[in-house]
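# Structure assessment
Here is what each chain is made of, one letter per residue.
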Amino acid sequence: MSAGVPDAVALAADARSCTEAALAAIADAADVAALAAVRPELLGKGSPLSGLRRRLGSLAPAARPAAGRALSEALAAVEARYTERLDELRAAERRAQLEAERLDLTELHEPPPVGRLHVITQTQRRLEDVFCAMGYTVAEGPEIETEWHNFGALNFPPGHPARDMYDTLYVDHGSPGSTLLRTHTSPVQVRVMQTRPPPLYVVAPGRCYRQDTADATHMPVFHQIEGLVVDEGITLGDLAGAIETFTTAYFGPGFTSRLRPSYFPFTEPSAEFDVQRPDGTWLELGGSGMVHPSVLEVCGVDPERWSGFAFGFGIDRLAMLRYGIDDLRDLWTNDVSFLEQF
Ligand code: FA5
């Protein structure tokens, strides 16, 4: 700078160099704080450009207005550039802040793995839903039963050959042979009739136990669902109708059912019931029949007034059929990759 040279040319030259220095300082400021810090040196009363004003008085009077304008324009240019840079830096800081605080609401996370109901439980619940929709209620009975409820009340006298169908697991409780793991859900029929007055429309799902060797269609622990209807004027036709309604509701419209003569000591007449698939093949599902009058009687139901039907079938085998499972044992090995298919 040529400070002290008393002519307009030198002043103009100083003004240019002060302006350039100020613009460079503005450009160098990296953020709003740095820019604000240099403002007094560039535009304040003690700034070099302001200092040049004090030299105006030493110029020739004719040169003063032009020199004064030039100085004012230089200050205005610095001020304008300062404001522009301030806006730029503020915008950059705002962008950086937004970026740092950004929430990506589109980000996807794998949901945490949640468990699922076992396929047998799913099947049991679906069966309950179907029967509830048909007007039945759900009953329960104990898995550890008395010999009387499991056999005696159901017309299996001690030593009756029909008991041989059930390889029974006895429990070491009470007198020998008096307590057992129930071999079927039919004892729940007895308990329901003993405790509730007819009319009765009841299903009873649950676990059963037999000394069966595990194979593709047998397990020592399995599930059955029992049905019991007791009302006035119930006939075999009502049984066939109930089985058919259930078959279509559970399997779908392409399926139908039939009853085949059979024998159970607690029903008379007795029938196996089969379900026909849409491809025409038949599958045996369970046993059924009209509740034997002596069973009604022993449970305190007057067989002269009331009649009824009962049925019972395997839930595990039904699940096999519905989900195309080949081997019952797969349901018990707890292989998660197998079970999570259902
Ligand atoms: C009975 O248990 C009779 N209580 C059914 C009944 C109820 C008849 C009401 C009349 C009136 P059964 O022993 O056939 O019947 O067994 C019925 C079903 O249980 C079988 O068709 C089969 O699906 C299932 N089941 C029997 N044993 C096993 C087993 N070890 N593993 C898997 N399922 C079995």
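These numbers were taken from a predicted model, which means no experiment stands behind them.

## So, the overall build of the protein
When helices and strands are tallied, the protein shows eleven helices and nine strands. Taking 20 Å as the expected radius of gyration for a compact globule of 342 residues, we find that the protein reaches 48 Å, considerably beyond that expectation. Once the C-alpha set of the protein is aligned to its principal axes, its extents read approximately 140 × 40 × 40 Å. A total of 342 residues make up the protein; the buried ones form 40% of that total. Contacts in the protein between residues at least 24 apart in sequence constitute 64% of all its contacts with a sequence separation of at least 6. For the protein, the computed accessible surface area is about 18,200 Å², with 56% contributed by carbon and sulfur atoms.

## Examining the state of the cysteines
All chains considered together, the criterion is met by zero disulfides. Cys 208 provides the cysteine sulfur closest to Cys 299, a residue in no disulfide bond, and the two sulfurs are 18 Å apart. A relative accessible area of 5% means that Cys 299 is categorised as buried.

## Focus on the packing of helix H5 (residues 119-133) against helix H8 (residues 236-251)
Relative to each other, H5 and H8 sit at 130°, their axes nearing to 10 Å. With respect to their mutual orientation, H5 and H8 come out oblique. In this structure, the crossing between H5 and H8 has a hand that is right-handed. Residues Thr 123, Arg 126, Leu 127, Val 130 and Phe 131 of H5 pack against Phe 246, Ala 249 and Tyr 250 of H8.

## Things to note about the domain arrangement of the protein
Split into domains, the protein comes out as domain 1 (4-100) and domain 2 (119-339). Spacing between the C-alpha centres of domain 1 and domain 2 amounts to 99 Å.

## Observations concerning the site of the ligand
Around the ligand, a shell composed of 25 residues is seen, among which His 184, Ser 186, Asp 212, Met 219 and Gln 224 lie nearest. At 3.0 Å from an oxygen atom of the ligand is found a side-chain nitrogen or oxygen belonging to Arg 210. Leu 285 is positioned with one of its backbone polar atoms (N or O) 3.5 Å from an oxygen atom of the ligand. Burial of the ligand by the protein chains amounts to 94% of its free accessible area of 680 Å². Contributing elements (two or more residues each) for the shell around the ligand: strand S5 (221-231), strand S8 (282-291) and strand S9 (307-314).

## What to know about the nonpolar core
Residues Phe 246, Phe 309, Phe 311 and Phe 313 are the most contacted members of the largest nonpolar core, which totals 35 residues. Of all the secondary-structure elements, those providing two or more residues to this core are H5, S5, H8, strand S7 (267-276), S8, S9, helix H10 (315-323) and helix H11 (336-339). Ranked by residue count, the leading element in this core is H8, at six residues. If you look at the next biggest cluster of nonpolar residues, it comprises 25 residues, including Phe 156, Val 192, Phe 266 and Trp 306.

## Quick look at the pattern of salt bridges
Counted by the stated rule, this structure contains twelve salt bridges. Across the salt bridge formed by Arg 81 and Glu 88, the nearest N and O atoms sit 3.8 Å from each other. Residue classification places Arg 81 among the partly exposed residues on the basis of a relative accessible area of 25%. The exposure class of Glu 88 is partly exposed, given its relative accessible area of 37%. Put simply, Arg 102 and Glu 99 hold a salt bridge, and the shortest N to O gap is 3.5 Å. In terms of burial, Arg 102 and Glu 99 fall into one category: exposed.

## Details of the pairing of strand S4 (residues 200-209)
A large share of S4 lies buried, amounting to eight of its ten residues. Of the pairings in the sheet, the one linking strand S1 (residues 137-138) to S4 comprises two bridges and is parallel in character. By the bridge assignment for S4, Val 138 is matched with Val 203. In the sheet, S4 pairs with S5 via ten bridges, with the strands oriented antiparallel. Across the sheet, Gly 206 pairs through a bridge with Gln 224, a residue of S5.

## Regarding a negative patch on the surface
The grouping of Asp 326, Asp 330, Asp 335 and Glu 340 at the surface amounts to a negative patch. Along the polypeptide, Asp 335 turns up in the loop between H10 and H11. For Asp 335, a relative accessible area of 38% translates into the label partly exposed.

## Topic: the environment of Trp 282
Its location among the elements puts Trp 282 in strand S8. Between the alpha carbons of Trp 282 and Arg 258 there is a distance of 9.2 Å; along the sequence they are 24 residues apart. Apart from the residues lying within four places of it in its own chain, the contact partners of Trp 282 are Thr 256, Ser 257, Arg 258, Asp 274, Val 275, Gln 276 and Arg 277.

## Observations concerning the sheet that holds S7
Sheet strands pair via backbone hydrogen bonds, and the direction of the pair is either parallel or antiparallel. The seven strands are arranged S1-S4-S5-S9-S8-S7-S6 in an open sheet whose pairing can be described as mixed. The open sheet has two edge strands, S1 and strand S6 (256-264), and neither has a second partner. Where S8 lies against S9, five bridges are found, and the strand directions are antiparallel. Bridge pairing in S9 places Ser 288 opposite Phe 311. In the packing of helix H7 (residues 187-195) onto the sheet, the strands contacted are S4, S5, S8 and S9, and the crossing angle to S5 comes to about 35°.

The rules behind these values
- Residues numbered from 1 in each chain as written.
- Predicted model: local features only at pLDDT ≥ 70, side-chain atom pairs only at ≥ 80, totals over all residues.
- Heavy atoms only, no water.
- Helix = DSSP H or I, 4+ residues; strand = E, 2+ residues; numbered from the N terminus.
- Rg over C-alpha atoms; globule rule 2.2 N^0.38 Å.
- Buried < 20%, exposed > 50% of the residue type's maximum accessible area, 1.4 Å probe, protein only.
- Contact = heavy atoms within 4.5 Å.
- Areas by Shrake-Rupley, 256 points an atom, 1.4 Å probe, with all protein chains shown as cover.
- Disulfide = S-S within 2.5 Å.
- Axes fitted to C-alpha atoms, helices over the stretch in contact; angles between N-to-C directions.
- Parallel < 35°, antiparallel > 145°, perpendicular 65-115°, else oblique.
- Left-handed = near helix turned anticlockwise from the far one by under 90°.
- Domains from an automatic or database assignment.
- Near = heavy atom within 4 Å.
- Polar contact = N/O pair within 3.5 Å; in protein donor to acceptor, adjacent residues only side chain to side chain.
- Core = buried A, V, L, I, M, F, W, Y, C linked by side-chain atoms within 4.5 Å.
- Salt bridge = Lys/Arg side-chain N within 4 Å of Asp/Glu carboxyl O.
- Pairing = 2+ DSSP bridges.
- Patch = residues over 30% accessible without salt bridge, like charges linked within 9 Å, V, L, I, M, F, W, Y side chains within 5 Å.
- Lys, Arg positive; Asp, Glu negative; His and termini not counted.
- Charge placed at Lys NZ, Arg CZ, Asp CG, Glu CD.

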